[in-house]
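# Chain and residue survey
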Amino acid sequence: MNPKTASPGSDRFSGRHFPEKGLLLVILVLGVLLSFFGGSVQRPLFETNPDGTRHRVFHPNANGEQEPAFVKENKFFNSQNLAQLAKDTSFVAIMAVGAMFVIISGGIDLSVGGVYALASVLAAMVFQRFGPDGSSAGASPWLGVSTGLLVCLGVGAFCGLVNGGLIVALRVHPFIITLGTMAIFRGIAFVVTSGQSIGDFPQVFRDMVRCEIGNDLSLVPPAVMGLVALAGGIYLSRMAAGRRIYAVGGNELAARYSGIHVGRVKLSVFIFAGLAAGVAAVLSLGYYGSATSGDGQGYELNVIAAAVVGGASLSGGKGTALGALLGALVIQMISSGIVILGIDQNYSQIIIGAVVIVAVLLDQFNRWLAERKLAARAKAL
């Protein structure tokens, strides 16, 4: 068997064939345009003391009075905005990597926002119990942190197991199952919280997630995003289980006749998608410090859009974890660009939807070109 045929993920992830170069070019062009047309903004000038604390800088004016000093920065290309962009991208990108697994296998997951919300509120209840005013406030804070983490990740994985189990057992299209579970998961989250916000978490948990370096640059969410994308890329491109996902998405019948346990593969990708939503929920809880049943509303569009823009084919068999990350970055850059350019934010969903349609049309065009080249080669032989 040809090695390239046996390992489609490896070929896609290698340097010899790098489909993400187009996405990198799009990101570069968007960055240049936003830097050029976004203009500049004045920010307060701070200095760092030897003990690590920061304070405002003041300069005397013409009358000898002290006035706060400001520094002019590009609206887009400055450290604070780029760090904010990376942090905002991380939540969707992590879930997009999980969704990429599902889409590569030929499925779709519309319940990712519901899984995110349910994992958030159930873990928030645990964190609140170990918070300053909780019933277990006297216990070790690390016991509360570890218990909350396990609950959040476990609920996410279990929701994915429910999705995959129903799809495999009932042999119903994933669109129908996940459309139903999307409402069920979010409904459960609303019932258990009565629509109320849950907060008051252990401070050690919040400090752990909100760890910052330099000029208030958030570190943990982008770092976890990179680790998830790296792990997903290695799984898809270097492991036999990842190649089976491509095989099932490329041709399910052929994969079944090749001895691949298709049901097991489908079950695994939905568990991965649920687990990714749980990871994103953990970061959101630690960063924002609260959870409600309305969290993750509309994430389905952004997550699927990130995967599709990142090169996933909705017909299956194509996509990479790195593409999901870069696709999420493109979507977030568009959302940030709307704010930077002063465009009415009511148009953001319209623009993102249009981007998804364009990405799908480009995918269909590429498939048509590939089929035409294949037909031409067959004719030549």
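Quick summary incoming for the structure in this document. (Residues numbered from 1 in each chain as written. Predicted model: local features only at pLDDT ≥ 70, side-chain atom pairs only at ≥ 80, totals over all residues. Heavy atoms only, no water.)

## Here's the deal with the packing of aromatic side chains
Applicable threshold: Any pair of Phe, Tyr and Trp rings, taking the six-membered ring for Trp, is counted once the centres come within 6.5 Å. Such a pair is stacked with planes under 30 degrees apart, edge-to-face with planes over 60 apart, and tilted for the rest. Each helix is a run of H or I in the DSSP string that is no shorter than four residues. Each strand is a run of E no shorter than two, and both are numbered from the N terminus. Using a 1.4 Å probe on the protein chains alone, a residue whose accessible area is under 20% of its type maximum counts as buried, one over 50% counts as exposed, and one in between counts as partly exposed.
Under the defined criterion, the tally for this structure stands at 10 aromatic pairs. The interplanar angle of 50° and the centroid separation of 5.1 Å between the aromatic rings of Tyr116 and Tyr299 together place this pair among those described as tilted. Taken together, the positions of Tyr116 in helix H5 (residues 112–129) and Tyr299 in helix H13 (residues 299–309) put the pair 183 residues apart, joining distant regions of the chain. For the pair Tyr116 and Tyr299, a shared accessibility class is recorded, and that class is buried. An aromatic cluster of at least three residues, connected via ring pairs, comprises Phe91, Tyr287 and Tyr288.

## Re the environment of Ile198
As a reminder, the rule being used: Contacts are assigned to residue pairs with any non-hydrogen atoms lying within 4.5 Å of each other.
Along the chain, Ile198 turns up in strand S7 (residues 198–199). Judged by relative accessible area, which is 7%, Ile198 ranks as buried. Residue contacts for Ile198: discarding those within four places in its chain leaves Val121, Ala124, Met125, Gln128, Thr193, Gly289, Ser290 and Ala291.

## Some points on the pattern of salt bridges
Cut-off, in case you're wondering: One side-chain nitrogen of Lys or Arg within 4 Å of one carboxyl oxygen of Asp or Glu is enough to make a salt bridge.
In total, this model carries three salt bridges according to the counting rule given. Of the charged contacts in the structure, one is a salt bridge between Glu252 and Arg256, with a shortest N-O distance of 2.9 Å. Taken together, the residues Glu252 and Arg256, both in helix H11 (residues 252–257) and four residues apart, mark about one turn of the helix. A salt bridge links Glu252 to Lys266, with the shortest nitrogen-to-oxygen separation between them at 3.1 Å. Pair noted here: Glu252 is in helix H11 and Lys266 is in helix H12 (residues 262–288), with a separation of 14 residues, a long-range link. Residue class for Lys266 comes out partly exposed when judged on its relative accessible area of 21%. Taken together, the salt bridges that share partners define one network made up of Glu252, Arg256 and Lys266.

## Things to note about helix H14 (residues 321–340)
To keep it simple, the criterion reads: The span expected for a helix works out to 1.5 Å for each residue beyond the first. N or O atoms within 3.5 Å of each other form a polar contact, as long as, within protein, one can give a hydrogen and the other can take it, and as long as residues adjacent in sequence are counted only when both atoms are side-chain atoms.
In a regular helix each residue adds 1.5 Å, so 20 residues correspond to 28 Å; H14 covers 28 Å between its end C-alpha atoms and thus fits that length. Burial within H14 is extensive, with 17 of its 20 residues counted as buried. Its side-chain oxygen 2.9 Å from the backbone nitrogen of Gly323, Thr320 forms the N-cap of H14.

## Considering the packing of helix H6 (residues 141–170) against helix H7 (residues 174–193)
Keep this limit in mind: Lines are fitted to the C-alpha atoms to define the axes, a helix being fitted only along its stretch in contact, and any angle between axes, read from their N-to-C directions, falls within 0 to 180 degrees. Handedness of a helix crossing follows the sense of rotation of the near helix relative to the far helix, less than a right angle counterclockwise being left-handed and clockwise being right-handed. Residue polarity is assigned by list, with Asp, Glu, Lys and Arg as charged and Ala, Val, Leu, Ile, Met, Phe, Trp, Tyr, Cys and Pro as nonpolar; anything else, Gly included, falls into the polar class.
At their nearest, the axes of H6 and H7 sit 10 Å apart, and the two run at 145° to each other. Of the two possible hands of crossing, H6 and H7 adopt the one that is right-handed. Note on element contacts: H7 touches H6 through Pro174, Ile177, Thr178, Thr181 and Phe185, opposite Cys159, Val162, Asn163, Leu166, Ile167 and Leu170. The residue inventory of the contact of H6 with H7, partitioned by class, reads eight nonpolar, three polar and no charged.

## Digging into the environment of His261
Tracing the sequence through the fold places His261 in the loop between H11 and H12. Here His261 falls in the partly exposed class, since its relative accessible area comes to 46%. Spatially, the C-alpha atoms of His261 and Val248 are 9.2 Å apart, while their sequence positions differ by 13 residues. Within polar-contact distance, the side chain of His261 engages the backbone nitrogen of Arg264 at 3.0 Å.

## Some details on unusual backbone geometry
A negative phi angle is the norm for most residues apart from glycine, just as the trans form is the norm for most peptide bonds. In this structure, Arg171 is a non-glycine residue whose phi angle is positive, near 55°. Within the fold, Arg171 resides in the loop between H6 and H7. Positioned with a positive phi, Ser194 is a non-glycine residue whose angle comes to about 55°. You can see Ser194 is positioned in the loop between H7 and S7.

## Quick look at the nonpolar core
Note that soluble globular proteins tend to have their nonpolar side chains buried in a common cluster. Operational definition: Only buried Ala, Val, Leu, Ile, Met, Phe, Trp, Tyr and Cys residues count toward a nonpolar core, and they belong to the same one when joined by side-chain atoms within 4.5 Å.
In terms of nonpolar packing, the biggest core is built from 89 residues, with Met95, Phe205, Ile245 and Leu285 touching the most fellow members. Ignoring anything within four residues of it in the chain, the contact list for Ile245 reads Phe101, Ile104, Ser105, Tyr235, Leu236, Val265 and Val269.

## Side note on helix H10 (residues 240–250)
Cut-off, in case you're wondering: Think of the arc as the fan of directions from the helix axis to the C-beta atoms.
Taken together, the buried positions of H10 are occupied by Gly242, Ile245, Tyr246, Val248 and Gly249. Buried residues of H10, seen end-on, are gathered within an arc of 165° and therefore sit on one face of the element.

## Notes on a nonpolar patch on the surface
Heads up, the condition is: Distance thresholds for patches are 9 Å for like charges and 5 Å for nonpolar side chains (Val, Leu, Ile, Met, Phe, Trp, Tyr), applied to residues having over 30% relative accessible area and no salt bridge. Per-residue and other accessible areas were derived by the Shrake-Rupley procedure at a 1.4 Å probe size, with only the shown protein chains allowed to occlude residues.
Together, Leu25, Leu28, Val29, Val32, Leu33, Phe36, Phe37, Leu341, Ile343, Tyr347 and Ile350 make up a nonpolar patch on the protein surface, roughly 1,100 Å² of accessible area in all. The biggest single contributor to the nonpolar patch is helix H3 (residues 21–37), with seven residues.

## Digging into the side chain of Asn302
With respect to the helices, strands and loops of the structure, Asn302 is situated in helix H13. Residues within four places of Asn302 in sequence aside, it is in contact with Val92, Ile331 and Ile352.

## Focus: the side chain of Asn78
Structurally, Asn78 can be placed in the loop between strand S6 (70–74) and helix H4 (79–104). Overall, the relative accessible area of 6% leaves Asn78 in the buried class. In this structure the side chain of Asn78 is engaged in a polar contact, spanning 3.1 Å, whose partner is the backbone oxygen of Lys75. With residues up to four places along the chain from it excluded, the contact list for Asn78 reads Arg43 and Glu73.

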